[in-house]
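Spelled out from the first residue to the last, the chains are:
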Amino acid sequence: MNIVQLTPGAAGMYCGGCMRDNALVAALRRKGHDALLIPLYTPLKTDEPDNSHERIFFGGINVFLQQKSSLFRKTPEWLDRRLDQPGLLSWAAGFGVKTRAEDIADLMVSMLKGEEGNQAKELVKLTAFLTDSHKADAICLSNVLLAGMAKSLREKLKVPIVCTLQGEDTYLDTLPEPQRSQSWELLKKTVAQIDGFVAVSGYYGDVMRRRLEIPESKMRVIHNGIELAGYAPAPKPPAVPTVGYFARIGPEKGLRTLANAYELLATRGNIKDVRLRVGGGLSPSDEVFVTELKAKFQAAKIGDRVDFVPNVSREDKVKFFQSLSVMSVPATYGESFGLYVIEAMACGIPVVQPEHAAFPELIAATGGGILCKPDDAADLAAKLEELLRDEPRRAALGKAGFKSTVERFNIGRVADDVVRVLGEFGAHKR
């Protein structure tokens, strides 16, 4: 089957969607499918070999300039291609944090308007490329924020459009009004132009089915998976009890809650010499937050027991997980999946996650962890201590999580499920 995957870059940051789609395309190719990964806005950043096409469509500079001035909606393609150079886009992405929220919100609304938006020229270029260079059997959108493209792609390429749902509501709900309401209303209208939706968890499928009024017949659930090569439990546990966190190093993923829980755990003294390791993506916008956390730990006289390990390679990420006794990323919002949970389990590390969003579903499916009360540092500290004091139970949870990840949460299984679902939505190899 010829599959085109459209995936937006995350402005130089590691992104769960980018990593999932990059690994998925590699798995599809191994299984004999012709899979093309097209990056949008900026180059993709993953910790595995990059499988994306060399050309970037909807380049971030062009998209932004076309939003700000009608002049750039008429520029020749040779000039657009120069502005779409990966190096230039990567450089420009560093200034994204300084862009006004209102500008980003207006751009979001325009993109959702598709051929009626200010970036219509970019959609014409993408459609022409796919028509001339790659006869697709299906087009996969990485997330519903790309839904404005669906109508034009579907009509001109005459293939099914299938859209993954993975955490878009959190971003949309941060937009200022009136753009927030406009975006949700535009998305509801695009549902008719999309043949099928694939949610990364049953929880999130229910959320978006309600909010976008998606018919049940158009909804499927495919849990995320990872490329397992290199992942394995550590030969032996760490020398001292170690709590870990691995996600974006910012407040949204609940790091403040974990910091408070760790302070309780460390100062209580029931677990001798317990350490905390914090890893994941760190952006310039989160550096002030990290400085505050470090000062907090120093004030509690436990700063020497906390390590920050940002922006690591894939190999070092695996070593990070293997250095832990238990992991927790107590996200404060409705997490659609939580790839970091599966990554920890792939190294035999049990997790403690809040009892909300997709986490109860993942814990039930894997048996690789326990739940705590959401946004409750005291309960999180108690649950962490419970596992750290019970080595046999910790080992049993780690073993169950590892087994489930290998069997059910590997990227090869995801690739098989994606091909099956594309067929259900009308995609068939020509």
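Please refer to the structure higher up on the page.
As the structure is a prediction and not an experimental result, all values here were calculated from the model.

1. What to know about the overall build of the protein chain
When you go through the protein chain residue by residue, the secondary structure sums to 18 helices and twelve strands. Relative to the 2.2 N^0.38 estimate, which gives 22 Å for 430 residues, the radius of gyration of the protein chain is 22 Å and therefore close to what a compact globule would have. Seen through its C-alpha atoms, the protein chain measures out along the principal axes to roughly 65 × 45 × 35 Å. Sorting the 430 residues of the protein chain into buried and exposed places 57% on the buried side. Within the protein chain, contacts between residues at least 6 apart in sequence are counted, and of these 74% link residues at least 24 apart.

2. Some words on the pattern of salt bridges
Enumeration over the complete set of coordinates arrives at 33 salt bridges. Ionic pairing is found between Lys121 and Asp80, a salt bridge with its closest N-O pair at 2.9 Å. Of this pair, Lys121 sits in helix α6 (residues 120–133) while Asp80 is found in helix α3 (residues 77–83), placing the two residues 41 residues apart along the sequence. There is no split in this pair, since Lys121 and Asp80 are both buried. Each member of the salt-bridge network shares a partner with another, and the members are Arg220, Arg413, Asp417, Arg420 and Glu424.

3. Examining the packing of aromatic side chains
Aromatic ring pairs are defined here through the distance separating the ring centres and the angle between the ring planes. Taken as a whole and judged by the stated rule, the model has seven aromatic pairs. Ring geometry for Phe57 against Phe129: centres 5.0 Å apart, planes inclined by 45°, an arrangement best described as tilted. Note that Phe57 is positioned in the loop between β2 (34–40) and α2 (60–68) and Phe129 in helix α6, a separation of 72 residues in sequence. Just as Phe57 is buried, Phe129 falls in that class too. Judged by centre distance (6.0 Å) and plane angle (80°), the ring pair of Phe320 and Phe321 falls under edge-to-face.

4. Considerations on the side chain of Lys253
Note that Lys253 resides in the loop between β7 (242–246) and α11 (255–268). There is a polar contact of 2.6 Å between the side chain of Lys253 and the side chain of Tyr333. What Lys253 contacts, discounting residues up to four positions off in sequence, is Tyr245, Ala247, Arg248, Val329, Pro330, Ala331, Thr332, Tyr333, Glu335 and Tyr340.

5. Some details on the pairing of strand β5 (residues 196–199)
Here β5 shows a buried face lined by Gly196 and Val198 and a second buried face lined by Phe197 and Ala199. In terms of strand pairing, strand β4 (residues 161–165) meets β5 through four bridges, oriented parallel. When the bridges of β5 are listed, Cys163 appears paired with Phe197. Strand direction decides the pairing type here: β5 and strand β6 (residues 219–221), joined by three bridges, are parallel. Bridged to Phe197 within β6 is Met219. Note that the unit made of β5, helix α10 (residues 202–212) and β6 has a crossover that is right-handed.

6. Remarks on the environment of Glu116
Mapped onto the fold, Glu116 is located in the loop between α5 (101–112) and α6. Under the relative-accessibility criterion, Glu116 is labelled exposed at 69%. Placed 32 residues apart in sequence, Glu116 and Gly148 show a C-alpha to C-alpha distance of 9.2 Å.

Parameters and conventions
Residues numbered from 1 in each chain as written. Predicted model: local features only at pLDDT ≥ 70, side-chain atom pairs only at ≥ 80, totals over all residues. Heavy atoms only, no water. Helix = DSSP H or I, 4+ residues; strand = E, 2+ residues; numbered from the N terminus. Rg over C-alpha atoms; globule rule 2.2 N^0.38 Å. Buried < 20%, exposed > 50% of the residue type's maximum accessible area, 1.4 Å probe, protein only. Contact = heavy atoms within 4.5 Å. Salt bridge = Lys/Arg side-chain N within 4 Å of Asp/Glu carboxyl O. Phe/Tyr/Trp six-rings, centres within 6.5 Å; stacked < 30°, edge-to-face > 60°. Polar contact = N/O pair within 3.5 Å; in protein donor to acceptor, adjacent residues only side chain to side chain. Pairing = 2+ DSSP bridges. Right-handed = clockwise from strand over helix to strand, strands pointing away.

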